[in-house]
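# Coordinate analysis (summary)
Okay, here's what each chain looks like letter by letter:
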Amino acid sequence: MFGFMDAFLKNDSFSLQKDILDHVEYTVARSRFIFDDFEAYQGLSYSVRDRLIERWHDTHRYFKKKDPKRLYFLSLEFLMGRSLSNSVINLGIRDQYADALNQLGFEFEVVAEQEGDAALGNGGLARLCACQMDSLATLDYPAWGYGLRYQYGLFRQIILDGFQLEEPDYWLNFGNPWEIERVHVSYPVKFYGTVEEEGIQGQTIKVWIPGETVEAVAYDNPIPGYGTRNAINLRLWAAKPSDQYDMESYNTGDYINAIMDRQKAETISNVLYPDDRSYQGKELRLKQHYFFVSASLQDIIRRFRDDHNNFDEFPEKVALQINDTHPSLAIAEVMRVLVDEEHLDWSRAWDITSRVFSFTTHTVHAEALEKIPVDLLGNLLPRHLQIIYEINYKFMEELKSMIGQDYDRLSRMSIVEEGAVKSIRMANLSIVCCQIVNGVSKVHLDLLKERVFKDFYELWPQKFQYKTNGVTQRRWVVVSNPNLSSLISKWLGTESWIRNVDLLAGLRQHVSDPDLQREWKMVKKVNKARLAEYIETLSGIKVSLDAMFDVQIKRIHEYKRQLLNILGIIHRYDCIKNMETSDRRKVVPRVCIIGGKAAPGYDIAKKIIKLCHVVAEKINNDADIGDLLKLVFIPDYNVSVAELVIPGSDLSQHLSTAGHEASGTGSMKFLMNGCLLLATADGAIVEIMEEVGADNMFLFGAKVNEVPALHEKGASLKAPLQFLRVVRMVRDGYFGFKDYFKSLCDTLEDGKDFYLLGYDFASYLEAQAAADRTFVDPEKWIHMSILSTAGSGKFSSDKTIEEYAKHTWGIEPCKCPF
Ligand code: 26Y
């Protein structure tokens, strides 16, 4: 007989080798005697997955037994990146696996490089969810993530002659060992049709008679916590044709067309929308949102019903977090289920619904708030539109009783926007329903109160909170910067900071120790060498390790001002060109690195990418310049590229015009890795300043509260001469493509420079000069670098999640015993 413990998979080197080989032979179906790096990756991943599944089963059995209040985190986007290294580190068996692989003649790092990224998201919002899932698992919270399993993730960026081209990311082509298809976990999702009235026991009820059904099938992705047995689940839905689908067509004998029609169902979860700017009322997108919401809620309600039969208990057992407004149809869906299917009266249903939801907004831009055209919604989801109208009617009545007949304000706050295209404002629906609305940084909350949601804030001040974003130190230091991670553990005398980030502050007491400084510098050098090698492989450009590696990586947006960076580089180039040769010795050599994707339809952003390439072409081939300045554009920026670039950078740039970045999370990853920040006082940077000290950063530019007055001044704001000069160089065709760049230069003219590049230019150059002056004093630089890491604890997603758990979701840890 096996004892209970014997059931666990073993982690000694021999067992791991055997497991890998068994998977190579029986799962991947290759010979255990001859297989390549990719097959080794597959065999290894399946073996890791087995261990994940063990923990994940135990965790869910434990959750079921304890029946705690659960958090369901709903998001249309999750940017998970790679899973292998993260999983083995969180499971605590990385070294054992590395050893086992070695015995088999493979190297862990090489094998891990075989994995592609899971890129089911656009940018900050999506990566934040991935970090938060890691923290939820690590902190033992009973949580589930729900999302969509897009067949095509975010497009791959190809650069051809300096122009961005988009290629589909068919990431599932080579299989995905990290997911488990749950053929038996599937739900019908309905669309279209009509709403009819039926009398039941003297009451009239509404009945939705849908016109189309699509099946949602679950794919589960275990998420292991660090230093715990808990592993939670990220459940992603894929669309499949439903058996209930159009049997009519088969019966009419049109067999081939009936099959083709069925196939169309799968298109719902086919592709991630690659634009993170403004919501366009597209039917397919709306279908994606509802498909996701309906399947997730059927699953959540089924689980609730396993142990409960009274919906009054729903808010005690369930917290539903909607990540931005994208999943906010869930509000109408819960109301529909409670009223139409469970036959609860409206006010009881509303009371329950408004106690389960919470909502986080990730933007400061009113134009990025989703609005769904009423015609579109009424056609696709007729009953939901009625429910939203009813919610709005009741809200408007309540509001009138509070504020009187202030029609301007009533119409601003209404969930229904009248106008050329009558639309539903999903943010208003979310605010009306949720008891808590969260911003993602302190400044963001202020902006929500003063601008975007001012009317609502005045009505319900208590609803509005903020939780400063954070990133997981497991992925962003332990996985991506193992040398720094070991160094930190050595100097703190413990690895506990990996779970308890407050301990990082302990580095402060060693900041002046020459040994730490030397080792810190060494780690940076090794990481820079790795990055330099990558740059050379990509572009053939050799860069000097003595140069300052200066990095800006993020989505390309006008408000993020990559253009300011490029204009600054042109200025630097121009200055060097005009210097006496003897003065050039004083120039601090720089390698400027820019990376990021532009939304496929975002013309100006694409021009910025092209500008970066033509400027790079000129500078990198100018023999006069040599190692003093290099500019490199890193193509196809994604999570795994970030893991390589961040540890190897000295300086990172966060240049958003103040008041435009809700939080920013890239800055936090750089900070943890001891890179100095050159930034505007925007989003979370303001809080980073408080933690690290403004004198340990290079800050510049207009402040959030100054920007409105600057906008008022408009054309009377005059840009400095240096700015006019560099813009003129671009305009006059110094870098070629004169006509092509005209519209880009036009955005910088007096009175049109909405993002204030001209206004901020002089102070930007000063901040850059301060960075140069500091870099030539290596001791000072290292000092600031250590203090950056030491001050980064507040920006761990562990902190954010603790806050959400306490103040928004009301959930408690539920730790599965080992
Ligand atoms: C609906 C569609 C148009 C859409 C799709 C994606 C709208 C927005 C987005 C993504 C937004 C996003 O990534 N926002 C970023 O969220 C981060 C995490 O909170 C913030 O750090 C960052 O400042 C914000 O721009």
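All values reported here derive from a predicted model rather than from experimental measurement.

Conventions used here
Along each chain, residue indices are assigned from 1 in the same order as the chain's sequence is written. The predicted origin of the model limits local features to residues at a pLDDT of at least 70 and limits the giving and counting of side-chain atom pairs to 80 or more, whereas totals for whole chains, interfaces and linings rest on all residues. Think of it this way: any DSSP run of H or I at least four residues long counts as a helix, any run of E at least two long counts as a strand, and we number them from the N terminus. Here a residue counts as buried when 20 or more other C-beta atoms sit within 10 Å of its C-beta, as exposed when there are 12 or fewer, and as partly exposed otherwise, the C-beta atoms being derived from the backbone. Our contact criterion uses C-beta atoms placed from the backbone: two residues qualify when those atoms are within 7 Å. Placing the C-beta atom from the backbone, one calls a residue near a molecule or strand if that atom lies within 6 Å of it. Side-chain classes are defined by residue name, with Ala, Val, Leu, Ile, Met, Phe, Trp, Tyr, Cys and Pro counting as nonpolar, Asp, Glu, Lys and Arg as charged, and the others, Gly among them, as polar. Note: domain ranges come from an automatic or database domain assignment. Angles here are taken between N-to-C directions and fall from 0 to 180 degrees, while the axes themselves are lines fitted to C-alpha atoms, restricted in helices to the stretch in contact. Should an angle fall under 35 degrees it is called roughly parallel, over 145 degrees roughly antiparallel, and 65 to 115 degrees roughly perpendicular, with every other angle called oblique. At least two DSSP bridges between two strands are required for those strands to pair. Every helix has an expected span of 1.5 Å times one less than the residues it contains. A set of buried residues drawn from Ala, Val, Leu, Ile, Met, Phe, Trp, Tyr and Cys, joined through C-beta atoms within 7 Å, is what defines a nonpolar core. Confidence of the predictor at the level of single residues is given by pLDDT, which spans 0 to 100.

## Topic: the overall build of the chain
Along its length, the chain carries 32 helices and 24 strands. Oriented by its inertia axes, the alpha-carbon framework of the chain measures out at about 95 × 75 × 60 Å. Expressed as a percentage of its 818 residues, the buried residues of the chain come to 49%. In the chain, the share of contacts with a sequence separation of at least 24, taken over all contacts with a separation of at least 6, comes to 76%.

## Observations concerning the environment of Val416
Within the secondary structure layout, Val416 lies in strand S15 (residues 416–417). Looking at Val416, the number of C-beta atoms within 10 Å reads 20, which means it is buried. A sequence separation of 67 residues divides Val416 from Asn483, and the C-alpha atoms of the two residues are 54 Å apart. Sequence-distant contacts of Val416, defined by excluding residues within four places in its chain, comprise Asn392, Lys422 and Ile424.

## Here's the deal with the site of the ligand
Not every one of the 23 residues close to the ligand is listed here, only the nearest: Gly124, Leu125, Asp276, His362 and Ser663. Within the shell around the ligand, the residues separate by chemical class into 6 nonpolar, 12 polar and 5 charged. Mapped onto the domain boundaries, the shell around the ligand takes at least three residues apiece from domain 1 (67–82 + 117–468 + 803–809) and domain 2 (543–791).

## What to know about the packing of helix H21 (residues 514–539) against helix H31 (residues 778–790)
Where H21 contacts H31, the axes come no closer than 10 Å and their chain directions differ by 85 degrees. Taken as axis vectors, H21 and H31 run roughly perpendicular relative to one another. Seen from H21, the contacting residues are Leu516, Gln517, Trp520 and Lys521; seen from H31, they are Glu779, Ile782, Ser785 and Ile786. Grouping the amino acids of the contact of H21 with H31 by side-chain chemistry returns 4 nonpolar, 2 polar and 2 charged.

## Here's the deal with the pairing of strand S10 (residues 212–224)
Judged from the 9 bridges that link them, strand S7 (residues 180–191) and S10 form a sheet pairing that is antiparallel. Pairing of Phe191 across the sheet is with Glu212, part of S10. Bridge count for S10 against strand S11 (residues 231–241) is 11 bridges, and the pairing is antiparallel. From the neighbouring strand, Tyr219 faces S11, where its bridge partner is Leu236. The turn linking S10 back onto S11 is made up of 6 residues, and Gly227 within it adopts a positive phi angle of 65 degrees.

## Describing the sheet that holds S15
Read across the open sheet, the 3 strands follow the order S14-S16-S15; overall the sheet is antiparallel. The sheet is open, and its two borders are formed by strand S14 (371–373) and S15, each paired with just one other strand. With 3 bridges connecting them, S14 and strand S16 (residues 423–425) associate as antiparallel partners. For Lys371, the partnering residue across the bridge sits in S16 and is Arg425. On top of the sheet, helix H16 (residues 426–433) reaches S14 and S16; it is set at about 45 degrees to S16, its chief contact.

## Describing H31
Between its first and last C-alpha atoms H31 spans 18 Å; for 13 residues at 1.5 Å apiece the expected length is 18 Å, and the two agree. Residues of H31 that are buried make contact with H21, helix H25 (666–672), strand S23 (676–680), helix H26 (685–692) and helix H30 (757–775).

## Focus: the sheet that holds strand S20 (residues 590–595)
Spatially, 6 strands are ordered S21-S20-S19-S22-S23-S24 in an open sheet, and the strand pairing comes out parallel. Whereas interior strands pair on both sides, the edge strands pair on one side only; in this sheet they are strand S21 (629–634) and strand S24 (698–700). In this sheet, adjacent strand axes meet at a mean angle of 15 degrees when their direction is disregarded. Two strands pair when backbone bridges link them, and S23 and S24 are joined in this way by 3 bridges, in the parallel orientation. Across the sheet, Thr680 pairs through a bridge with Phe700, a residue of S24. Its contacts with the sheet place helix H23 (residues 603–620) against S20 and S21, and it is angled at close to 145 degrees to S21.

## Topic: the environment of Lys815
Inspection of the secondary structure assignment puts Lys815 in the segment after helix H32 (797–809). Sequence separation between Lys815 and Tyr62 is 753 residues; the distance between their C-alpha atoms is 8.2 Å. What Lys815 contacts, discounting residues up to four positions off in sequence, is Asp140, Thr228 and Asn230.

## Let's talk about the nonpolar core
The biggest cluster of nonpolar side chains holds 231 residues, and the ones touching the most others in it are Tyr72, Phe291, Cys612 and Val615. At 9 residues, the largest contribution of residues to this core is made by helix H6 (residues 124–138). Residues from two domains meet in this core; each of domain 1 (67–82 + 117–468 + 803–809) and domain 2 (543–791) gives at least three.

## Observations regarding the confidence of the model for the chain
Across the chain, the average pLDDT comes to 96, with 98% of residues at or above 70. Counted against residues more than four places away or in other chains, residues 1–6, with its pLDDT under 50, gives 1 contact. Scored as a complex, the prediction yields pTM 0.97 and ipTM 0.99.

## Examining the environment of Val48
Assignment of secondary structure puts Val48 in helix H2 (residues 37–66). Taking the C-alpha atoms as reference, Val48 lies 9.1 Å from Leu16; in sequence the two are 32 residues apart. Here Val48 is in contact with Leu84, Ser87 and Val88, once residues within four sequence places are set aside.

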